[in-house]
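# Geometric and topological summary
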Amino acid sequence: MSEHVEWSEPEGSAPAATTAAVTPADAADAARLVSFGLQPKLQPARDQEYADLLRRYREDPPFARLADAVATGLGLIVLEVSPRAGMAVTAAEDSVFAVRMGDYARRTSADGGDRFLHGLAHLAVAAMAFPRPEDLADDGYIGRVTVNGVDAFVRQACRRLEERAAEQGENTDPATDAPGLEAAWRIWVRRSATGATKDARRLAGSTTGIVAKAVAFLTDSGFLQRTGDDNGGTYRTTARYQLQVRDMAGSAAMAELLELGVVPVTDGTPTLLPPEESDDLELVADAGLPFHSS
């Protein structure tokens with residue numbers, strides 16, 4: 001991705017013997033492909049130019065290196081280039097395209113402390129969508145989540161954490177502004193699941209409201225597709241989301257969340273069962289998908 005690229009010289013100059021000359025048109029095509037990758041809802045099967053550029057990327061190594069270099073210069077990491085996912089990119093931490101959890105939470109709530117709850121919602125969606133390592137490894141796997149199911153999962157995780165804390169004699173009543181996801185899990189269970197309005201609408205600050213905001217963001221970003229209205233809203237994963245979660249699967253916070261309550265699936269729907277004992281992992285403050293910490 002960092003290989004030097006030579007531009008074509010004015011007429012009369014001979015191109016280098018070992019490296020094919022690259023024209024401004026080539027650079028424009030490479031940038032065009034990256035721009036397609038930044039439109040997550042755009043499907044190659046429905047855009048001929050996108051499909052043609054993807055084919056060129058696969059068949060023309062110098063062009064592929066040029067496109068990779070353009071992405072790198074924009075602070076993007078290329079996760080995959082394929083017909084199923086298009087040019088799937090994610091933003092590096094210092095990229096102008098990076099979305100940070102603090103900014104996301106501030107757009108959704110006046111309470112800055114809710115940042116941790118929004119981060120937890122994204123972790124829970126990812127954990128429920130791909131509960132097993134083999135699910136992430138299988139390109140054909142499609143995860144399914146519901147808003148109410150994610151909320152139930154986090155509440156179960158919270159209860160398990162409280163049981164562990166009580167067994168170990170630790171404080172089970174942290175301040176609401178305490179940092180870290182463990183505190184967020186405990187705060188989550190105190191928050192109303194739906195809230196209450198005169199017309200029975202779901203409050204944005206309720207836990208299902210927070211999950212709904214998370215899945216709506218993921219849908220707008222091309223990571224999820226809405227499939228129905230049952231259980232607060234049902235969603236299926238896309239190839240791009242699988243790649244995104246693969247990229248973040250090493251998070252200790254996500255591993256901890258998986259260990260607390262999701263078991264292997266049989267029909268594509270994660271099932272909640274009482275978790276078994278397991279060693280604790282260090283929790284990562286501010287962890288969230290697909291965000292960078294502030």
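For clarity, every value in this text was computed on a predicted model and none was experimentally measured.

## Thoughts on the overall build of the chain
Scanning the chain for helices and strands turns up 11 helices and seven strands. In the chain, buried positions account for 46% of the 294 residues. Contacts spanning at least 24 positions in sequence make up 61% of the contacts within the chain whose residues lie at least 6 apart. Carbon and sulfur atoms provide 51% of the accessible area of the chain, an area that totals close to 14500 Å².

## Structural notes on helix 3 (residues 61-73)
Helix length check: helix 3, at 13 residues, gives a terminal C-alpha distance of 18 Å against a target of 18 Å (1.5 Å per residue), a fit within 8%. Where helix 3 is concerned, the buried positions are Phe63, Ala64, Leu66, Ala67, Asp68 and Ala71. Within two residues after helix 3, Gly75 carries a phi angle of roughly 75°, on the positive side.

## Some thoughts on the packing of aromatic side chains
One pass over the structure, following the stated rule, counts four aromatic pairs. Both rings, one in Phe130 and one in Tyr241, keep their centres 6.0 Å apart while their planes meet at 45°; by these two values the pair is tilted. Residue Phe130 is found in the loop between helix 5 (115-129) and helix 6 (133-137), and its partner Tyr241 is found in helix 10 (residues 239-248); the two are separated by 111 residues along the sequence. Judged by relative accessible area, which is 1%, Tyr241 ranks as buried. Aromatic side chains Phe223 and Tyr241 sit 5.8 Å apart centroid to centroid with 45° between the ring planes, which places their arrangement in the tilted category.

## A short note on the pattern of salt bridges
Inspection of every chain in the model, using the stated rule, returns 13 salt bridges. Residue Arg246 is joined to Asp139 by a salt bridge in which the shortest nitrogen-to-oxygen separation is 2.6 Å. Note that Arg246 is positioned in helix 10 and Asp139 in the loop between helix 6 and strand 3 (144-146), a separation of 107 residues in sequence. Residue Asp139 is classed as partly exposed on the basis of its relative accessible area, which comes to 43%. One salt bridge in this structure joins Arg155 and Asp151, with 3.3 Å as the shortest N-O distance. Taken together, the residues span about one helical turn, with Arg155 and Asp151 both in helix 7 (residues 147-167) at a distance of four residues.

## Looking at unusual backbone geometry
Non-glycine residue Asn231 carries a positive phi angle of around 55°. Structurally, the position occupied by Asn231 is in the loop between strand 4 (224-228) and strand 5 (234-237).

## Some thoughts on the environment of Met248
Note that Met248 resides in helix 10. Judged by relative accessible area, Met248 falls into the partly exposed class, the value being 25%. Between the C-alpha atom of Met248 and that of Ala126, which follows or precedes it by 122 residues, the distance is 9.5 Å.

## Focus on helix 9 (residues 207-220)
The end-to-end C-alpha separation of helix 9 is 20 Å, in line with the 20 Å expected for 14 residues at 1.5 Å each. Here helix 9 lies mainly inside the structure; 11 of its 14 residues are buried. Among all positions of helix 9, only Thr207, Thr208, Gly209, Ile210, Val211, Ala212, Ala214, Val215, Phe217, Leu218 and Thr219 are buried. Two residues or fewer after helix 9 comes Gly222, characterised by a positive phi angle close to 80°.

## Some thoughts on the environment of Ala91
Here Ala91 shows up in strand 2 (residues 86-91). As for Ala91 and Leu74, which are separated by 17 residues in sequence, their C-alpha atoms are 8.6 Å apart.

## Some thoughts on the nonpolar core
Formed by 31 residues in total, the largest nonpolar core has its most connected members in Val125, Val150, Trp188 and Tyr241. Within the residue set of this core, elements represented by two or more residues are helix 5, helix 7, helix 8 (181-190), helix 9 and helix 10. Per-element accounting of this core gives the leading share, nine residues, to helix 5. Excluding its chain neighbours within four sequence positions, the residues that come into contact with Val150 are Ala121, Ala124, Val125, Met128, Val145 and Val211. Core analysis: the next-biggest nonpolar cluster, separate from the first, contains 22 residues, Leu66, Ala67, Ala71 and Met87 among them.

## Focus on the pairing of strand 5
Both strand 3 and strand 5 contribute to a ladder of three bridges, which runs antiparallel. Looking at strand 5, one finds that Val145 is bridged to Tyr235. Where strand 4 and strand 5 come together, four bridges link them in antiparallel fashion. Bridge pairing in strand 5 places Gly228 opposite Thr234. In this structure, the hairpin formed by strand 4 and strand 5 is closed by a connection of five residues, where Asn231 is found at a positive phi of approximately 55°.

What counts as what
- Residues numbered from 1 in each chain as written.
- Predicted model: local features only at pLDDT ≥ 70, side-chain atom pairs only at ≥ 80, totals over all residues.
- Heavy atoms only, no water.
- Helix = DSSP H or I, 4+ residues; strand = E, 2+ residues; numbered from the N terminus.
- Buried < 20%, exposed > 50% of the residue type's maximum accessible area, 1.4 Å probe, protein only.
- Contact = heavy atoms within 4.5 Å.
- Areas by Shrake-Rupley, 256 points an atom, 1.4 Å probe, with all protein chains shown as cover.
- Expected span 1.5 Å × (residues − 1).
- Phe/Tyr/Trp six-rings, centres within 6.5 Å; stacked < 30°, edge-to-face > 60°.
- Salt bridge = Lys/Arg side-chain N within 4 Å of Asp/Glu carboxyl O.
- Core = buried A, V, L, I, M, F, W, Y, C linked by side-chain atoms within 4.5 Å.
- Pairing = 2+ DSSP bridges.

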